Structure formats: C-alpha cells, structure tokens
Amino acid sequence: MKQQLDINTWARKDHYQFFTQFEEPFFGVCVTVDCTRAYHVAKAKGYSFFLYYLHKAMVAMNETEPFRYRIIDQQVWVYDSIDASPTINRPDGTFGFAYFPYHADFETFAATAGEETERVRNSTGLVPAISGENVVHCSSMPWIDFTSLSHARSFSFKDSCPKVAFGKMTDKEGKKTMPVSVHVHHALMDGYHVGKFLELFQSHLDI
C-alpha cells in the first residue's frame with residue numbers, strides 16, 4: 001500500500017523541485033560499519049550472515065521514512081514498507097536479480113529469501129525480479145573492501161529507488177568491519193536522512 005505525499009505542504013518542496021531537474025539526481029556515500037556482534041550472532045544461530053545483515057539494513061530503511069518515498073508520474077508516494085531486490089552471485093561468476101519481500105521478523109524474511117536465493121542460483125540469465133517501485137536495489141561484493149562506488153544507470157529511466165552495496169568484511173584484532181555504499185535520490189532525501197539510516201543500521205547490527 002502507498003499514500004500520496006502532498007508536495008505543496010512538504011517542508012522539502014523546494015528541494016524536491018530543485019533536484020528533480022537534475023540529469024543525475026542521486027548522491028552517494030561510503031561508510032564502514034562494525035559488524036562484529038552481528039557476525040557472531042549469525043554464526044552462533046546458524047544464520048546466513050548475508051541475509052542477517054541485509055535484514056538489519058532493511059529494518060533500518062523501513063524505519064527511515066524517506067527511504068520509502070518514490071517518484072511516480074511526477075508525484076511523491078510513500079509506501080507502507082519496501083522490499084529488497086538484491087543481486088545473487090552464482091558459482092560460475094555471474095549473478096541474477098532476486099526479490100526478497102520484507103518481513104520485520106528475521107526468521108520469516110530468511111525463509112522466503114532463502115528459497116528465492118536458491119531459485120536464482122539455479123537459474124541462468126539476469127532473471128528479472130518480481131518487483132516494482134517499492135524496492136531497494138542491493139548488491140553484495142564480498143571480495144572488495146571498497147572505499148568508493150558508482151552505479152551503472154540509464155538516465156532515460158526515471159528511477160528513484162535507493163541503492164545499497166555491501167563489501168568485504170575484514171577482521172582487525174577481533175573487530176569485524178564492512179564497507180557500505182548508499183546512493184539515494186536527492187529530491188527525496190538529504191544527507192541527514194542517510195545519516196539517520198546508517199545510525200539505525202549500526203544499532204540493529206549491535207543488538
């Protein structure tokens with residue numbers, strides 16, 4: 001479900017009108033998160049670490065309202081919840097797109113995501129996800145401890161979905177960290193909102 005946001009009474013009306021005129025309205029940041037606690041919890045409980053931290057990120061994004069905003073036909077809509085559209089790596093070095101419905105409960109999320117992961121891994125081609133506007137495009141690059149990241153984009157396609165990438169986990173003196181890249185549409189949010197998401201994400205990783 002979604003509801004239309006009244007742009008005329010929105011505090012960010014001027015920001016929206018300004019940034020929607022840009023050919024490239026997305027901005028991005030790269031940060032490092034501490035995943036020590038999350039990694040140990042996942043391993044102790046036999047969870048997939050990827051699904052565990054992805055779920056933590058999705059919880060944080062659903063709690064950060066601007067991440068649920070989408071531009072559709074020049075109007076801003078607010079979704080009740082948003083889902084994940086991640087890339088799934090295959091043994092042959094290719095990847096396919098998947099669709100993970102969001103569930104606040106990790107066990108439920110992991111069950112459906114696990115089935116979808118296996119389906120994509122046993123398929124060929126990109127396997128277009130069953131998705132729509134209410135998704136976050138997610139990528140996992142566990143081979144790269146990146147410090148910056150850019151995305152391939154078609155500027156003729158009016159896209160307003162956030163894009164989040166996770167990199168290689170590294171261990172230094174028992175502290176496990178992971179780079180995270182966040183790209184979002186500047187007409188829908190600012191650095192403040194990305195900062196709130198990252199703060200929530202870290203707090204969920206520490207639970």
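Residues numbered from 1 in each chain as written. Predicted model: local features only at pLDDT ≥ 70, side-chain atom pairs only at ≥ 80, totals over all residues. Heavy atoms only, no water.

As annotated in an unreviewed UniProt entry, the chain carries the name Chloramphenicol acetyltransferase and is attributed to Chitinophaga qingshengii.

A. Quick look at the sheet that holds strand β3 (residues 69-72). Taken in spatial order, the three strands line up as β1-β4-β3 in an open sheet, and their pairing is antiparallel. In this open sheet, the two edge strands, each paired with only one partner strand, are β1 (2-4) and β3. Going across the sheet, the axis of each strand differs from the next one's by a mean of 35 degrees, ignoring polarity. In this structure, β1 lies alongside strand β4 (residues 75-79), joined through three bridges in antiparallel fashion. Each residue of the ladder has a partner; that of Lys2, found in β4, is Tyr79. (Pairing = 2+ DSSP bridges. Helix = DSSP H or I, 4+ residues; strand = E, 2+ residues; numbered from the N terminus. Axes fitted to C-alpha atoms, helices over the stretch in contact; angles between N-to-C directions.)

B. Here's a closer look at the pairing of strand β5 (residues 83-89). Where burial is concerned, most of β5 is hidden: six out of the seven residues are buried. As judged from the three bridges shared by β5 and strand β6 (residues 95-97), these two strands associate in the antiparallel manner. By the bridge assignment for β6, Asn89 is matched with Phe95. Hairpin connection between β5 and β6: a loop of five residues separates the two successive antiparallel strands, and Gly93 in this loop has a positive phi of roughly 90 degrees. (Buried < 20%, exposed > 50% of the residue type's maximum accessible area, 1.4 Å probe, protein only.)

C. Highlighting unusual backbone geometry. Unlike most non-glycine residues, Asp73 shows phi in positive territory, near 55 degrees. Mapping Asp73 onto the fold places it in the loop between β3 and β4. The phi torsion at Gln74 lies on the positive side, around 65 degrees, for a residue other than glycine. Mapped onto the elements, Gln74 comes out in the loop between β3 and β4.

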